[in-house]
Structures are given as structure tokens and as C-alpha cells.
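# Overview (structure and organization)
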Amino acid sequence: MKPDTILTNATVIADPGSILRSGTVAIADGRIIDVDDKPTADPAAEDLGGAYLIPGLIELHTDTLERHVQPRSWVLWDPFSAAVAHDGQIVMSGITTVFDALAMVGGRDRGSRHKVIGPMVEGLTAAAEAGTLRATHFIHLRCEVPDPDLFDLMEPHLANPLVQFLSIMDHTPGQRQFADLDLFREIHRKSLNATDAELDAEISSRQALARDHAAPNRARLAKLAQQRHFPVASHDDETPAHVREAAETGAVVSEFPTTLAAASAARDHGMKILMGAPNLIRGGSHTGNISAGDLAADGLLDILSSDYIPISLLAGAMRLTQAPYHWPLEQAIATVTATPADVAGLSDRGRIAPGKRADIVIFDLVQDRPIIRSVWAAGKRVA
């Protein structure tokens, strides 16, 4: 097959085990048709001057769509336009496949997040159907198991083909992310505009909801995921017991484990460990939990997520190649390409190899920071 695009003289991260220092990649009909370890003299080829060429980044968990749909408290933006704006931010960050994480949280949290679930799904779906999105978007349902309204919130969207991933969450104060109740009070005092007495009542109420609903909702989610073949992630595992519970529900990813013990248990159970790139770059968790850097240093990090800063994803991978981690470049890039692709069951992408989708990111390093030059999605230059 004759290529319609040839990219040459690039540092190609071909797969998790190889680097081609002066490689050439040929594309036709949206697929990679050839990868060579030498530059080509073909006059139709684009000479990249040694720039890095890697697979398009794959993001399993970012909640930035919500900020586009609801840019201010109680302000809703046009969902279609919000999806397009979000997609632009995603693509310019080098992300070509994204699982947009939507919080399945009812109105009992005194917030308005439940009001944006429908608009987010509708706007994203309409924008995808209209062909206005440059990245591939899927929906990741963040399922808050203590919420009695969980399945009522999920049910309208389960038939949507964009829904392809579930995470099981439990933000009950006194465990996991909020094991420190004083930290919970500090964070929520302003967000809930509550007195100490009201916060104590809120804590008691949330703990009661968890006792009543977390276990049955967790069991229902496990059954749903099995029926629909959704990958499942556990969230904020704190203890080995949390990890065992997650493994029993079929979880294949431990998202943001909060302790070394939980991350070690996740590895023992064969689960992939996902941490936030912002945590890695900032040097620690903003809630005082185990740092991504500590887990990386101990070999307990498999996948990076941009979480709330899309541009951090590639920067986080490159940070792993620097002191004190010194990861091999191809191993670091796999945390944002091949490994998340494997977890999500996306066998057609995540590697630079013949037959794979031509999702490609080209970047340079400027002052040790990755600066993206161009992004290709299914063989089409989109940024």
C-alpha cells in the first residue's frame, strides 16, 4: 500500500521495548503501515529533525470536561460547545484517546454536580456524532458507592456506547482519601460553608450512608461490569483489605492508592497502579497521601493520569526519565500509551507498529519540558 504520509528522521518510541533513533513511520488510510529504523530519502517525507515521535497519549481518568460544562458554580455552559472546547484542550495536550470521568454523585452532597451529568453526556455524545471532536472520547463513570442515588444517576446513560469504563469510589470521611478527619473538615469547611457542628453532622451522615449502601452498590457494580465487559478501577485504596475487596469485584486498576501498603497489595493482586501526573510533577499529593514519586521510585507505578491538568500527562511521563527516577524513556512513555491501552482493551492503539491506528504525537524538549509540535489522530493531523 502506498503511504499518504511519511514521517522521518525521528526519535521513534516504537513500543515499550525499543527506541529508533533516526526512524521513519509511514501511514496510509489512518493506519501505520511501516516502521523503519533508518531515515528515508523519499522527497515526500517530512523530516522531523530528530524530534520525538510517540503514540498518541491515552488518558483513563480526567474530570476536566466538568469544568468546561460548569465553569463557575451554578453556571452551565452550552454542553456541545463545552465538549468541543474540552476536546481542544485534550488534543493540544497530546491526548488522542480520553476516558472522560463523570462523577455519579447525587444532590445529598449539597453541591450541584449531579445537575451536570446529563448535559455532559448529551454534549459529548452530540459533538462526537457531529464529527467535531478530534480525539476519541469515551465515558468513565465514577461511581460513588455510598450514594443511594447511584444507579438512578447511572441508568439513563448505560446504553450510551461511549460508556466504556467504571471506577468504584468511596469518599466517606474517616478512610481512604479522607482518613484524616481534620483534613476533611479543613477542605469542606469552605466548600460546604459549614460550621464545625454542621461538619460533624455531615461526617456522621456520610458514614451512615456508607454503612447502608456501599456494600450492596459495590456488588451491583461488579455484576454490571462483568455483564457489560467494562474494565473496573478501584479508587483511593488505603489498605490491603481495600485492595482485596477491589480485586474481588474484578478491578484491574488501582487508581491513586493513598499508601505504600495499598500499592504493594495492588501489585500482588496483578492490578495496574495509576497515579496522578500532577502529583508526580508537584512532588506530592495535595491531600497528603503517598506521592506518585515515592511509588515510582519503588517500581509501583504503571499508569499516569493527568487527572485535572491535561497538559501534565506527557510532562509527567518525561519527569520519570529524570533524577531521581531515571526510568528508561520507552518505559516512561508506556505509562501514558501502551499500558493504559492494554488496560482499556484498546488493542488497535498505544504503540507505533504496523497495523495500529496512526495516533501520533511529535514533540521536542525545551528546558527539559516536552513541547508538542503536532498531533495526529487516525492518520490526520489535528494539532
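Okay, so let's go over this structure. (Residues numbered from 1 in each chain as written. Predicted model: local features only at pLDDT ≥ 70, side-chain atom pairs only at ≥ 80, totals over all residues. Heavy atoms only, no water.)

Here we take up the environment of T132. Residue placement: T132 occurs in the loop between helix 3 (117-129) and strand 8 (136-144). Judged by its relative accessible area of 31%, T132 falls in the partly exposed class. Remark: the alpha-carbon pair of T132 and P310, spanning 178 residues in sequence, is separated by 19 Å. Contact partners of T132, with chain neighbours within four places excluded, come to F80, V84, D87 and A127. (Helix = DSSP H or I, 4+ residues; strand = E, 2+ residues; numbered from the N terminus. Buried < 20%, exposed > 50% of the residue type's maximum accessible area, 1.4 Å probe, protein only. Contact = heavy atoms within 4.5 Å.)

In this section: helix 8 (residues 260-268). Of the residues making up helix 8, those classed as buried are A262, A263, A265 and A266. One side of helix 8 holds all its buried residues, which, seen down the axis, span an arc of 160 degrees. Contacts made by the buried residues of helix 8 are with helix 7 (240-248), strand 11 (253-255), strand 12 (272-276) and helix 10 (292-297). Trailing helix 8 by a residue or two, G270 shows a phi angle of about 75 degrees, which is positive. (Arc of directions from axis to C-beta.)

In terms of nonpolar packing, the biggest core is built from 75 residues, with L141, M154, L166 and L221 touching the most fellow members. With five residues, the top contributor of residues to this core is helix 3. Each residue touching L221, except ones within four places of it in the same chain, is listed here: C143, V145, L150, F151, M154, L166 and I168. By size, the runner-up hydrophobic cluster in this structure holds 16 residues, among which are L20, I352, I362 and W376. (Core = buried A, V, L, I, M, F, W, Y, C linked by side-chain atoms within 4.5 Å.)

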